[in-house]
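Secondary and tertiary structure notes
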Amino acid sequence: MPDRPGDHWDRRVANGLAFLRRRLSGDYEVDEFGFDPELTDAIFHPLLRLLYRDWFRTEVSGVEHVPVDGPALVVGNHSGTVALDALILSAALHDKHPAHRYLRLLGADLVFRMPVVSEIARKTGGTVACNPDAERLLGGGDLVGVFPEGFKGVGKLYADRYKLQRFGRGGFVSAALRTGTPIVPVAIVGGEEIYPMLADIKPLARLLKLPYFPVTPTFPWLGPLGMVPLPSKWLIEFCPPIPTAHLTDSADDPLVVFNLADQVRETIQQTLHTLLERRPDPFGP
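The paragraphs below set out a description of the structure included in this document.

Reading the values: the criteria
- Residues numbered from 1 in each chain as written.
- Predicted model: local features only at pLDDT ≥ 70, side-chain atom pairs only at ≥ 80, totals over all residues.
- Heavy atoms only, no water.
- Axes fitted to C-alpha atoms, helices over the stretch in contact; angles between N-to-C directions.
- Helix = DSSP H or I, 4+ residues; strand = E, 2+ residues; numbered from the N terminus.
- Left-handed = near helix turned anticlockwise from the far one by under 90°.
- Contact = heavy atoms within 4.5 Å.
- Nonpolar A, V, L, I, M, F, W, Y, C, P; charged D, E, K, R; others polar.
- Patch = residues over 30% accessible without salt bridge, like charges linked within 9 Å, V, L, I, M, F, W, Y side chains within 5 Å.
- Areas by Shrake-Rupley, 256 points an atom, 1.4 Å probe, with all protein chains shown as cover.
- Salt bridge = Lys/Arg side-chain N within 4 Å of Asp/Glu carboxyl O.
- Buried < 20%, exposed > 50% of the residue type's maximum accessible area, 1.4 Å probe, protein only.
- Pairing = 2+ DSSP bridges.
- Right-handed = clockwise from strand over helix to strand, strands pointing away.
- Core = buried A, V, L, I, M, F, W, Y, C linked by side-chain atoms within 4.5 Å.
- 1 Å grid on protein atoms, 1.4 Å probe; cavity = no way out; pocket = protein on both sides within 12 Å on 5 of 7 lines; lining within 4 Å.
- Points joined across faces, edges and corners; volume = space filled by probe spheres on them.
- Expected span 1.5 Å × (residues − 1).
- Polar contact = N/O pair within 3.5 Å; in protein donor to acceptor, adjacent residues only side chain to side chain.

All right, on to the packing of helix H5 (residues 131–139) against helix H7 (residues 171–179) then. Across the interface, H5 lies against H7 with an axial gap of 9 Å and an inter-helix angle of 35 degrees. Crossing of H5 against H7: the hand is right-handed. Facing H5, whose interface residues are Asn131, Ala134, Glu135, Leu138 and Gly139, H7 presents Gly171, Phe172, Ser174, Ala175, Ala176, Arg178 and Thr179. Looking at the contact of H5 with H7 residue by residue, the classes come out as five nonpolar, five polar and two charged.

Below is the structure:
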């Protein structure tokens, strides 16, 4: 029997009321890290969907390289002055993947020291970027997302856009090796243009205890309006996974860790070049 006019809205209202009832009564589940799948699906992903689909017009390719089940370490390039790329990646992967998998993001200590931001990060599946947490998640069969450039990638000047920064000491590789987890490199084009950083006011950053204080074409000149991201065109490509199961005995070998980290970095850099050729206009359709 076909739905009558208004049935759709009746269901949405009923679902919304049921959601509120569960939240108020505490009848919902979170895992040991604080991840709240229901809140993520109901609130955060719909908001991010508006950004990645309508504002950034994001195209996603290579999602077949992300395993349907079991663990994988998704390693991406970082950029954008404000790390929206991690959030966009997690929402787009969840929507485009046939199994609608969640990406458990690893974040810097600063994220988890900030009021409100820390709570949101935990609720959406994030945790501190440290090997013990990464290995626990991977050991539990999760998809884990990491951005080895850290603040060096997010806070680089626009003149250095799409030039990968150093990958630190390769801790992400050690976590993958210890758990025999495949590494899936992912290249993200579009994040560099949302808040083009023209300068970094270092004395002000030190005063505020921030890794950098950005000057962009719109911030701080336009005040809060300067936080609206520019509508750049985004391309996200997942690369073929790099197996590590045959290297589990080499997790503490610096040479193996360095070589594998360098392989991941080079894969992402070359893929960025390819994507940039496909997107000659940063703000095109």
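Next comes the rest of the write-up.
Among the surface-exposed residues, Trp55, Trp221, Leu222, Leu225 and Val228 lie close enough to one another that they form a single nonpolar patch of about 560 Å² accessible area. You can see Trp221 is positioned in the loop between strand S8 (214–215) and strand S9 (235–238).

Within a regular strand, the side chains alternate between the two sheet faces. For strand S3 (residues 103–107), the tally of buried residues reaches five of five residues, placing the bulk of the element in the interior. A two-sided burial pattern is seen for S3, the buried positions comprising Leu103, Leu105 and Gly107 on one face and Arg104 and Leu106 on the other. Summarising the sheet, S3 and strand S5 (residues 143–146) pair through three bridges and their orientation is parallel. Note on S5: the bridge partner recorded for Leu105 is Gly145. Sheet topology places S3 next to strand S4 (residues 127–128); two bridges connect them, and they run parallel. Paired with Leu106 across the strands is Thr127, a residue of S4. Handedness of the S3-helix H4 (residues 117–123)-S4 crossover: right-handed.

Looking now at the nonpolar core. In terms of nonpolar packing, the biggest core is built from 30 residues, with Leu73, Val75, Phe172, Ile183, Val264 and Ile268 touching the most fellow members. Among the elements of the structure, strand S2 (72–76), H5, S5, H7, strand S6 (183–189) and helix H9 (254–278) are those that each provide at least two residues to this core. By residue number, the principal contributor to this core is H9, which donates seven residues. Not counting residues within four places of it along the chain, the set of residues in contact with Ile268 comprises Val75, Gly76, Asn77, Leu164, Phe167, Pro185, Val186 and Ala187. Grouped together as the second largest cluster of nonpolar side chains are 26 residues, Val63, Leu143, Ile194 and Ile236 included.

A word on empty space enclosed by the protein. One pass over the full model with this rule turns up one cavity of 30 Å³ or more. Class assignment for the residues of the lining of the largest cavity results in six nonpolar, three polar and two charged.

Counting along an α-helix, one turn takes 3.6 residues, and residues three or four places apart therefore face a common direction. Taking 1.5 Å per residue, 25 residues should reach 36 Å; H9 reaches 36 Å between its end C-alpha atoms and fits that length. Of all the positions in H9, only Val257, Leu260, Ala261, Val264, Ile268, Gln269, Thr271, Leu272 and Leu275 are classed as buried. Packed against the buried residues of H9 are S2, H7, S6 and S9. N-cap assignment for H9: the residue whose side-chain oxygen lies 3.0 Å from the backbone N of Leu255 is Asp253.

Across the junction of Phe219 and Pro220, the peptide omega takes the value 10 degrees, indicating a cis bond. Counting through the fold element by element, Pro220 comes out in the loop between S8 and S9. The phi torsion at Arg57 lies on the positive side, around 50 degrees, for a residue other than glycine. You can see Arg57 is positioned in the loop between helix H2 (37–55) and strand S1 (59–61). The class for Arg57 is partly exposed, based on a relative accessible area of 23%. At Lys209, a residue that is not glycine, the phi angle is positive and equals roughly 60 degrees. Considering the arrangement of structural elements, one finds Lys209 in the loop between helix H8 (202–208) and S8.

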